[in-house]
Amino acid sequence: PINQKPYDPNLKTLVILGTGWGAATVLKNVDTDKYNVVVVSPRNYFLFTPLLPSCTVGTIENRSIMEPIRHITRHKSRDVTVYEANCTDVNPQTNEITIQGFTDVQAERPKTVLKYDYLVMAVGAMNNTFNTPGVEKYACFLKEIWDAKKIRQKLMDCIETAAYKGQTPKERKRLLHMVVVGGGPTGVEYAGELYDFMTDDLRYWYPELVEDVKITLVEALPNVLPMFDKKLIEYTQNTFKENSINILTKTMVKEVKETTITVQDENKNLVEIPYGLIVWATGNKARAVTEKLRSKISKDDQSSPRGLVVDDYLRVKGVKNIWALGDCSVSKYAPLAQVAERQGKWLAKALNGIADSDSGYEDVEKETPFQYTSYGSLAYIGSDKAIAELPIFNRSLKSGGAATYLFWRSAYLSELFSIRSTAFVMYDWAKKTMFGRDISRE
Ligand code: FAD
Ligand code: NAD
């Protein structure tokens, strides 16, 4: 048993919302000798999102990239309270939040109120559908572990239904048409994983279906991966072409129905396309709790619908005692795991520094403001190839191919949250190489 100090009424209470990149990093680095800490999150685990696309086809198993949050809290010097709940409201006037838990069948528990001295908002963002009709009802997203689980189930459902006796060729083609909407890194990495599954596994186990399989990536802009260098965009698009992944650029999805999508092509014509599985990856939108807090603050301080505008010390503009980081915050940095993680480290250090001060929220200005320089960008594009853009000696190194894929693998292995996760992911990769992906339906 680990002996942890109990709650101390003389210390400030730090409430952390979330268990993602930002929140888990604050939690890991904050000194619990100096604070009573409470964590509130609907997820009782941290999720390593960069490897989430691999879970959609079983390259990696879900639990390998999930880390129970109690693996962190149990090793802190003071007992940390964890509530599995959503924060539904923040009251910056009274320094209180409202939380609501739920049972495993998603029935709601009664709402309850918690007091904080300092609040850390790290609730991330939700999927943006741009109110496109039918998306919520028929499309799968790719943000959480249950999204990956749903995609894997639907994929196998399409495949087994296509293989069923008496299936018409037209219906088989529809079921095996996999559509990805959004050519950002999420959409591209998922399309790459899907291609691997189709060529490595489907070809072997369902040879009669392989001719009818088609993957289409739909992107509204003139090219995929707009945040990457032109050469790497070209490399990705050429690799997709070689792999027969159909890219429809300058094409916007306007509606999703049960078995078809309606797209507007570059000539503004509306075209209906049949599909079996659709994955929607068109970026982020602020969560309800973020929006609610934003609406309580003057528009002069909070003018961005993307989230909570923060200053150089990650303080939410227009309120006191609330910090925000990661995808729910708005600063000059992109919504990335590497940004949220570095913000988390900075904030924990700053919080440790101001713990004893009564005017800590103001005193944080004695710290060096948060600054971020990118480690570079990496993305997997399928067929054992990755692309990378890395800052080296004030220059940007760009590379793509199989060697970059090995670098991609080692970079993510070293970034995983624990030795346990690293071991699980290495085991999954070895298992896939030896036996292929598991195609049984759960
Ligand atoms: P999250 O990590 O999303 O965590 C938010 C937390 O808040 C979660 O625990 C959630 O359960 C909790 N929460 C939600 N609502 C509430 C509420 N009401 N109350 C309390 N808690 C709440 N970035 C990179 O830099 N490199 C990559 O390779 C990369 N790959 C990605 C791959 C995929 C498929 C996706 C979807 C994203 C990827 N990203 C990557 C982006 C990265 O995951 C995000 O930028 C990062 O997760 C942001 O961290 P965060 O802490 O702000 O939010
Ligand atoms: P994104 O915002 O990066 O890309 C979404 C894409 O969808 C855009 O290119 C947009 O033009 C397109 N789009 C929007 N509406 C559309 C429509 N109706 N029809 C067709 N296309 C449409 O979103 P993402 O890929 O989900 O990424 C979210 C964040 O997470 C980004 O900051 C990204 O950099 C980060 N991320 C990084 C990595 C990585 O570094 N490897 C991986 C995944 C995500």
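Residues numbered from 1 in each chain as written. Chains lettered and ligands numbered in written order. Predicted model: local features only at pLDDT ≥ 70, side-chain atom pairs only at ≥ 80, totals over all residues. Heavy atoms only, no water.

Asker: So what exactly am I meant to see when it comes to the overall build of the protein chain here?
Answerer: A tally of helices and strands in the protein chain yields 13 helices and 23 strands. Relative to the globule expectation of 22 Å for 442 residues, the C-alpha radius of gyration of the protein chain, 23 Å, shows essentially globular dimensions. Once the C-alpha set of the protein chain is aligned to its principal axes, its extents read approximately 70 × 55 × 50 Å. Each of the 442 residues in the protein chain was classed as buried or not, and the buried ones make up 53%. Of the contacts formed within the protein chain by residues at least 6 apart in sequence, a portion of 63% connects residues at least 24 apart. Accessible area for the protein chain stands at about 21500 Å²; split by element, carbon and sulfur atoms hold 51% of it. Positive and negative charge centroids in the protein chain, built from 57 and 54 side chains respectively, lie 1 Å apart. (Helix = DSSP H or I, 4+ residues; strand = E, 2+ residues; numbered from the N terminus. Rg over C-alpha atoms; globule rule 2.2 N^0.38 Å. Buried < 20%, exposed > 50% of the residue type's maximum accessible area, 1.4 Å probe, protein only. Contact = heavy atoms within 4.5 Å. Areas by Shrake-Rupley, 256 points an atom, 1.4 Å probe, with all protein chains shown as cover. Lys, Arg positive; Asp, Glu negative; His and termini not counted. Charge placed at Lys NZ, Arg CZ, Asp CG, Glu CD.)

Asker: Where do I start with the pairing of strand β11 (residues 214–218) in this structure?
Answerer: A regular strand places its side chains so that they alternate between the two faces of the sheet. Counting buried positions along β11 yields 4 of 5 residues, so the element is predominantly enclosed. Sheet topology places strand β10 (residues 177–181) next to β11; 5 bridges connect them, and they run parallel. Its bridge partner lying in β11, Val181 is registered against Val218. As for the winding sense of the linkage, the β-α-β connection from β10 through helix α7 (residues 185–205) to β11 is right-handed. Relative to strand β12 (residues 245–248), β11 runs parallel, the two sharing 4 bridges. Among the inter-strand pairings, Val218 is bridged to a residue of β12, identified as Leu248. Regarding topology, helix α8 (residues 230–242) serves as the crossover connection from β11 to the parallel β12, and that connection is right-handed. (Pairing = 2+ DSSP bridges. Right-handed = clockwise from strand over helix to strand, strands pointing away.)

Asker: How should the site of ligand 2 be read in this particular structure?
Answerer: Surrounding ligand 2, one finds 23 residues, the nearest of these being Thr186, Glu219, Val253, Pro335 and Leu378. With respect to ligand 2, the backbone of Thr186 contributes an N or O atom lying 3.0 Å from an oxygen atom. In isolation ligand 2 exposes 850 Å². Once the protein is present, 80% of that is buried. Looking at the shell around ligand 2, the element that brings in the most residues is α7, giving 3 residues. Considered class by class, the residues forming the shell around ligand 2 number 14 nonpolar, 7 polar and 2 charged. (Near = heavy atom within 4 Å. Polar contact = N/O pair within 3.5 Å; in protein donor to acceptor, adjacent residues only side chain to side chain. Nonpolar A, V, L, I, M, F, W, Y, C, P; charged D, E, K, R; others polar.)

Asker: Teacher, can you tell me more about the environment of Lys332 here?
Answerer: One can find Lys332 in the loop between β20 (329–330) and α10 (337–354). The exposure class assigned to Lys332 is exposed, which follows from its relative accessible area of 66%. Along the primary structure Lys332 and Asn127 are separated by 205 residues, whereas in three dimensions their C-alpha atoms are 21 Å apart.

Asker: What should I look at first to understand the site of ligand 1 in this one?
Answerer: Taken together, 29 residues lie near ligand 1, and Gly22, Thr49, Cys87, Asp327 and Tyr412 sit nearest. Cys87 places a polar main-chain atom, nitrogen or oxygen, 2.9 Å from a nitrogen atom of ligand 1. The contact in question runs from an oxygen atom of ligand 1 to an N or O atom on the backbone of Ala337, over 3.0 Å. Compared with its free state, where it exposes 1000 Å², ligand 1 has 90% of that area covered by protein. Mapped by element, the contributors of at least two residues to the shell around ligand 1 are α1 (21–29), β2 (35–41), β5 (81–91) and α10.

Asker: I would appreciate a short explanation of the environment of Leu14 in the present structure.
Answerer: Among the structural elements, Leu14 can be located in strand β1 (residues 12–17). You can call Leu14 buried: its relative accessible area is 0%. For the pair Leu14 and Val30, spaced 16 residues apart in the sequence, the C-alpha separation amounts to 9.8 Å. Discounting residues that sit within four places of it in the chain, Leu14 has contacts with Val30, Tyr35, Asn36, Val37, Val38, Tyr118, Val120 and Leu351.

Asker: I keep staring at the domain arrangement of the protein chain and nothing clicks. Help me out?
Answerer: Often the size quoted for an interface is simply the accessible area lost on bringing the parts together. Considered domain by domain, the protein chain is made up of domain 1 (12–127 + 285–366) and domain 2 (135–282 + 376–435). Each of domain 1 and domain 2 was reduced to a C-alpha centroid, and the two centroids are 30 Å apart. Facing 37 residues of domain 1, the contacting portion of domain 2 comprises 31 residues. Interface area lost by domain 1 to domain 2 is led by Thr56, Val57 and Asn127, which between them contribute 20%. Here domain 1 is connected to domain 2 by 4 salt bridges. Put simply, Glu61 and Arg152 hold a salt bridge, and the shortest N to O gap is 3.1 Å. Taken together, domain 1 and domain 2 are joined by 13 residue pairs in polar contact (both at pLDDT 80 or more). At the level of elements, α1, β3 (45–47), α2 (52–55), β4 (66–68), α3 (70–73), β9 (125–127) and α10 are the ones that each hand at least two residues to the side of domain 1 that touches domain 2. For the side of domain 1 that touches domain 2, the leading source of residues is α2, giving 4 residues. Taken together, the residues that form the side of domain 1 that touches domain 2 break down as 19 nonpolar, 10 polar and 8 charged. (Domains from an automatic or database assignment. Buried area = accessible area lost by both parts, 1.4 Å probe. Salt bridge = Lys/Arg side-chain N within 4 Å of Asp/Glu carboxyl O.)

Asker: Is there a simple way to think about the pattern of salt bridges in this case?
Answerer: Any two side chains of opposite charge can pair, so long as their charged atoms come close to each other. Under the definition given, this model contains 21 salt bridges. For Glu242, the salt bridge identified is with Lys385, shortest N-O distance 3.9 Å. Here the residue Glu242 occupies a position in helix α8, and Lys385 occupies one in strand β22 (residues 385–392), the gap between them amounting to 143 residues. Owing to a relative accessible area of 59%, Glu242 belongs among the exposed residues under this scheme. Two residues, Arg315 and Asp311, come together in a salt bridge whose shortest N-O distance is 2.9 Å. Linked through salt bridges whose partners overlap, the residues forming this network are Arg43, Glu144 and Arg287.

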